[in-house]
Amino acid sequence: MATNVRGRTGNRTRSRTNQYPTGATRTGFSKNWGTTTKEHSTTSWNIPVQWKNCSDTLVRKINSYRTLYNQTKGPARYDRPTPTTINSFANWIGKGANVHTVTKNQISRWAKMTQKNFNTRTPTPNSCKNVLSAKFGRNTIKAVARTKTGSFMVATTPVVNGKPFCFPK
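Residues numbered from 1 in each chain as written. Predicted model: local features only at pLDDT ≥ 70, side-chain atom pairs only at ≥ 80, totals over all residues. Heavy atoms only, no water.

**Concerning the side chain of Ser64**
We count it as follows: To qualify as a helix, a DSSP run of H or I must reach at least 4 residues; to qualify as a strand, a run of E must reach at least 2; elements of each kind are numbered from the N terminus. The contact criterion used throughout is that any non-hydrogen atoms of two residues lie within 4.5 Å.
Within the secondary structure layout, Ser64 lies in helix 1 (residues 49–70). Setting aside residues no more than four positions away along its own chain, Ser64 makes contact with Ile93, Ala97, Asn98 and Val99.

**Side note on the packing of aromatic side chains**
Quick note on the threshold: Any two rings among Phe, Tyr and Trp, with Trp reduced to its six-membered ring, count as a pair given centres within 6.5 Å; such a pair is stacked if its planes are under 30 degrees apart, edge-to-face if over 60, and tilted if neither. Exposure classes here rest on a 1.4 Å probe applied to the protein chains alone. A residue is buried below 20% of its type maximum, exposed above 50%, and partly exposed in between. In this scheme, the term charge over a ring applies when either NZ of a lysine or CZ of an arginine sits within 6 Å of the ring centre and within 35 degrees of the ring normal.
This structure, assessed with the given rule, holds 5 aromatic pairs. When the centroid spacing of 5.5 Å and the interplanar angle of 80° are considered together, the rings of Phe136 and Phe165 count as edge-to-face. Highlighted residues: Phe136 in helix 4 (residues 125–136) and Phe165 in the segment after strand 9 (163–164), separated in sequence by 29 residues. As far as burial versus exposure is concerned, Phe136 and Phe165 are alike and both buried. Counting every residue linked through ring pairs, the aromatic cluster contains Trp110, Phe136, Phe165 and Phe167. The aromatic ring of Trp92 is capped on one face by Lys95, whose charged end is 5.0 Å from the ring centroid. Across from the ring centre of Tyr78, 4.9 Å away, lies the NZ or CZ of Arg146, which sits over that ring.

Right, here's the structure in full:
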């Protein structure tokens with residue numbers, strides 16, 4: 001549904017769909033535009049404040065377990081992580097760590113910033129961990145392993161300096 005734009009001449013219109021977050025719906029319109037008799041939504045932005053932190057933690061854990069699960073199925077270009085490695089990462093997740101996937105290109109870029117040696121032709125998890133520890137801190141990086149696609153899985157602490165940890169893009 002479109003409405004005329006105030007103060008504009010011609011047939012320009014604007015859509016009312018961008019006035020609410022994705023997935024929000026308005027039902028039971030009253031005659032006054034700003035009020036409704038009923039609003040409901042099933043999107044994540046409608047989570048009560050007291051549950052937001054818990055919800056975010058669960059989403060991160062689900063994504064971490066999904067990363068591990070994806071290593072066990074489908075075709076593999078490189079050797080898959082061993083079951084022992086997968087179980088080790090699952091234990092890190094159980095202790096609160098998050099699992100991220102990092103490419104060789106990202107690591108080589110961070111290696112240049114930290115002036116660490118990193119061979120992009122034959123990278124090892126140990127050299128990857130050295131670069132990441134130099135860049136983000138020894139306490140942040142918990143474990144590193146090679147994935148079936150040639151990139152690296154990295155177990156990290158969920159919070160660094162009071163903020164949720166996320167690798168820069």
